[in-house]
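Here is what each chain is made of, one letter per residue.
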Amino acid sequence: MAGVELTFDSYGVPEVFAPDPEGLAFGLGYAHARDRLFQLEIHRLAAAGRLAELLGPPALEADRLLRRLGLVRRAWADWEGQSADAARLLRAYAAGVNARLEQAGRAAPEFYLLNHEPVPWHPVDSLAVGRLIGWMLSVNWETELARLELARRLGPARPPELEPLTPPEAYTYAPGRGPDPATVRRRLLRAYATLGALLPVGAASNAWAVSGGRSASGKPLLAADPHLRPQIPCLWYLARLRTPELWTAGATVPGLFGVIIGRNRRLTWGVTVAFADTQDLFVEEVRPGPEGQMLARTTDGWEPISSRAEAFRAGSIRRQEVCWETRRGPVVVEGGPYWLSLAASALRAPVDGGILYRLLVSGNCADLGAVLRDWTLPALNFVAADADGNIAHFLAGRVPVRKGLGGAVPAPAWDPEAPWDRWVDPDRLPRLVNPAAGFVFSANEYPVLAEGGEYLGTDWPDPYRAARIHALLAGRPRHSAEDFKAYQQDVTSEPLRRLRDYLLQVALPLPQPLRDLLAGWDGAIRADSAAAGFLEVFRVELARAYFEAAGLDGAAVDILLGQGVHPLAPVSGFAGRLTGLVMAGLDRGEFDSLLAKALDRTQAFWTGRAGPNPADWGWGRVHRLRFFHPFGTLPGLGRLWRGPRAPLWGDFDTVAQASFLPPAAFDAPGWVTTYRQVVDLAVPDDGYWVLNTGQSGNPFSPHYRDQFGVWYRGGYLRMAPGRAVRRVRLRFPVGPA
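Residues numbered from 1 in each chain as written. Predicted model: local features only at pLDDT ≥ 70, side-chain atom pairs only at ≥ 80, totals over all residues. Heavy atoms only, no water.

(A) Looking closely at the sheet that holds strand S8 (residues 267-273). Within the open sheet, the ten strands sit side by side as S21-S17-S16-S8-S7-S6-S5-S2-S1-S32. Their pairing is mixed. Strands with a single pairing partner mark the edges of an open sheet, and in this sheet they are strand S21 (431-433) and strand S32 (726-732). Between one strand and the next, the sheet's axes are offset by a mean angle of 15°, whatever the strand orientation. (Pairing = 2+ DSSP bridges. Helix = DSSP H or I, 4+ residues; strand = E, 2+ residues; numbered from the N terminus. Axes fitted to C-alpha atoms, helices over the stretch in contact; angles between N-to-C directions.)

Spelled out as structure tokens, the structure:
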């Protein structure tokens, strides 16, 4: 028996002391189960397609989709292929979760309300959760469906004119036949929306680093802040891990052993979602075959579709369904002669259960780069710095090579140009080490570092966050940790400043109080800024007027403004490119005749919300932070879980991102910063970090939301261990579970 000790500081952040890696995994599993047991169970049941067993019939559509993906079945195959080292870590993590379950199996208050008893954790559960999160952070099929809807409404020639960065041939590639759009909306997107209320769907993030030559301390600095939907508790759980040979700290994810974003004594790293296209929908033409089989049309004729029976349970409801899978991937919508199947890296690529540990023990950027050649999912940008003075940016993950163009719209499965061919060679993915500029950064922008000429996708958001980070890093010769903290709070909007300048120069009858507000505005999207409030709404109304002038109907306009093709799945990739379209239209003079219409609509909006005085149009009056929890909508008791509400700053394009749901749901937050980290490698075993909620998932815990105030005010906690206020000693059974 080996001793494992956990000490918790005043914010509930543990430091796990153990003699070896297995002890660390055991201790972290225990801590996750202690503080995030309901979240752990949500992650596990979602991966298994069994949410309705916990949450009842409203989650049944999500289960139907997840069961079709077959994440647990694929995780069992992963388990059979794990190395001995990875298997030991997975077993140890599961043993830690189960040690806590044996102590307090129903400690989460949600379990009492739902009369639920969690079963023991299995190593396969961690592999399935890893696949689930990899899939949720990689999705782009909703944008493919939005493009298909545009092609159906407008024909294949018009949409490329409205989306200049997408190759025109992408729309002509869309099949003329396919599933009924109403069926897709009813089945697929309702399920996706249910998941979006529980798990991180999509993401946007920042990470940057400077070399010692650009650092006030003489050692590299790194900053990282992932952006996700505001959920409580957030995805991340802070932890410090220590053995006689290792110290590491950072953001972990309940269900997984490892540090996703963090530092050790020699290396620090951050991640952003790569936005590489790692998912494709395929239209499958099907027909009945012999003995109850279904056949799918392929390039070479017709082939059987594999099937399996799945049983579902939701309260008193019991049902069985057949799940189908073609050579492309699982069928996610069936019925009629045309079905939809999904190909995804998160469903095809193998998962190494030990890769997060390999990452956190990397000693320098070169070591990290070697580990990332084996990284499969999700596709991420890694920004890193080491104590030897190196900085690096790596794009890692399995990205498919397609035989034809593909990727932008659902493709006909029988087209010989449609299928995936192989994975992009990891050595041909973008990577940059020690550039002459002395800094590296990533903000989900198009990876201009791509040297191999490989097709990586089309759905990158506008580059304004990246451009602002570049300007901040290039704008002074040296930076400090305090500078990096300030950059993470930056809400300057260069595109809206350009829009302001444009409005002040053209012959537009702006009311004088509004003109004065705009003229005195400093370009910052602060919550109390009336000028920012006006410009945010005006930007949307100007784009709306432009699409209407082009003769588009209301549904097509909303799609191009970024709304998903179903109100329950409300965002598509168009949302991240709206500002770029407006800026391009300004440069070409295409909006001059539309300014008055957009002005009238913006004034009407604000007058209805805050009255006629422009000084009262502060952005935070309509742009507000709300956290999501499955119990948050319950009458009465729901207030315990809802979390704080507050005015918000920023938008999709600011470094301190705080987007809203399109087309104009300004009071419905999209993505916000969920974790901030700043590390100066000149200071050992320390750094700065903060969550936007707290460590605990229990609303009765003092740590449910105790970091929110620090985060909201732009503050940070110290990574270095503070005074221990609680100590837990455990005995870890050595050997297989």
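(B) How the structure looks around the side chain of Ser-362. Tracing the sequence through the fold places Ser-362 in the loop between helix H14 (355-360) and helix H15 (365-372). With relative accessibility at 3%, the residue Ser-362 sits in the buried group. Ignoring sequence-local partners within four residues, the contact set of Ser-362 consists of Asn-264, Leu-267, Asp-367, Leu-368 and Val-371. (Buried < 20%, exposed > 50% of the residue type's maximum accessible area, 1.4 Å probe, protein only. Contact = heavy atoms within 4.5 Å.)

(C) A look at the packing of aromatic side chains. In the structure shown here, the tally under the stated rule is 30 aromatic pairs. On the numbers, 6.1 Å between centres and 15° between planes, the contact of Trp-606 with Trp-617 is stacked. Of this pair, Trp-606 sits in helix H23 (residues 595-610) while Trp-617 sits in the loop between H23 and strand S25 (624-626), placing them eleven residues apart in sequence. By the burial criterion, Trp-606 is buried, and Trp-617 matches it. Considering the side-chain rings of Phe-660 and Phe-666, the 4.8 Å spacing of their centres and the 65° angle between planes classify their relative orientation as edge-to-face. What makes Phe-666 buried here is its relative accessible area of 2%. (Phe/Tyr/Trp six-rings, centres within 6.5 Å; stacked < 30°, edge-to-face > 60°.)

(D) The pattern of salt bridges, seen in detail. One pass over the full model with this rule turns up 50 salt bridges. Notably, a salt bridge pairs Arg-74 with Glu-325, separated by 3.0 Å at the nearest N-O pair. Highlighted residues: Arg-74 in helix H5 (residues 71-80) and Glu-325 in strand S13 (residues 317-325), separated in sequence by 251 residues. For the residue pair Arg-74 and Glu-325, the accessibility class agrees, reading buried in each case. Measuring nitrogen to oxygen at the nearest pair gives 3.0 Å for the salt bridge that ties Lys-485 to Glu-482. (Salt bridge = Lys/Arg side-chain N within 4 Å of Asp/Glu carboxyl O.)

(E) Up close: the packing of helix H19 (residues 512-519) against helix H20 (residues 530-549). Between H19 and H20, the shortest axis-to-axis distance is 8 Å and the interhelical angle comes to 100°. Taken together, the axes of H19 and H20 are roughly perpendicular relative to one another. When H19 is examined against H20, the residues Leu-514, Leu-517 and Leu-518 are found in contact with a partner set consisting of Ala-530, Ala-531, Phe-534 and Leu-535. Across the contact of H19 with H20, the residue classes break down as seven nonpolar, no polar and no charged. (Parallel < 35°, antiparallel > 145°, perpendicular 65-115°, else oblique. Nonpolar A, V, L, I, M, F, W, Y, C, P; charged D, E, K, R; others polar.)

(F) Structural view of a nonpolar patch on the surface. Side chains of Leu-113, Leu-634 and Leu-637 sit close together on the surface and give an oily, nonpolar patch of about 250 Å² of accessible area. Relative to the elements of secondary structure, Leu-637 occurs in the loop between S25 and helix H24 (639-642). (Patch = residues over 30% accessible without salt bridge, like charges linked within 9 Å, V, L, I, M, F, W, Y side chains within 5 Å. Areas by Shrake-Rupley, 256 points an atom, 1.4 Å probe, with all protein chains shown as cover.)

(G) Geometry of empty space enclosed by the protein. Applying the stated rule across the entire model yields five cavities of 30 Å³ or more. Its boundaries defined by the atoms lining it, the largest cavity holds a volume of some 510 Å³. Looking at the largest cavity, it is lined by 33 residues, and the ones nearest its centre are Leu-256, Ile-260, Leu-356, Trp-375 and Leu-377. Elements with a contribution of two residues or more to the lining of the largest cavity: helix H6 (84-104), helix H8 (123-136), strand S4 (221-228), S8 and H14. Tallied by class, the residues present in the lining of the largest cavity amount to 24 nonpolar, seven polar and two charged. Estimates place the volume of the second largest cavity at around 140 Å³. Lining of the second largest cavity is provided by 13 residues; of these, Arg-539, Ala-575, Phe-652, Phe-660 and Pro-662 occupy positions nearest its centre. Mapped by element, the contributors of at least two residues to the lining of the second largest cavity are strand S27 (658-661) and strand S28 (665-673). (1 Å grid on protein atoms, 1.4 Å probe; cavity = no way out; pocket = protein on both sides within 12 Å on 5 of 7 lines; lining within 4 Å. Points joined across faces, edges and corners; volume = space filled by probe spheres on them.)

(H) Structural context of the environment of His-227. Relative to the helices and strands, His-227 resides in strand S4. According to the relative accessible area criterion, His-227 is buried, its value standing at 0%. Taking C-alpha positions, His-227 is 4.9 Å from Ser-205, a pair spaced 22 residues apart along the chain. At 2.7 Å, the side chain of His-227 forms a polar contact with the side chain of Asp-225. (Polar contact = N/O pair within 3.5 Å; in protein donor to acceptor, adjacent residues only side chain to side chain.)

(I) Fine view of the pairing of strand S17 (residues 391-396). Among the six residues in S17, six count as buried, and that is most of the element. Of the two faces of S17, both are covered, the one formed by Ile-391, His-393 and Leu-395 as well as the one formed by Ala-392, Phe-394 and Ala-396. Two elements, strand S16 (residues 380-386) and S17, share six bridges in a ladder whose sense is antiparallel. In the strand pairing of S17, Leu-380 is matched with Ala-396. Hairpin geometry of S16 and S17 is characterised by an intervening segment of four residues between the two adjacent antiparallel strands and by a positive phi of about 105° at Gly-389. As defined by bridge partners, S17 adjoins S21 across three bridges and the pair is classed as antiparallel. The residue bridging Ala-392 from the neighbouring strand is Val-433, located in S21.

(J) Fine view of the environment of Ile-525. Mapping Ile-525 onto the fold places it in the loop between H19 and H20. Since its relative accessible area comes to 0%, Ile-525 is described here as buried.

In short, shape yes, function no, at least from these values alone.
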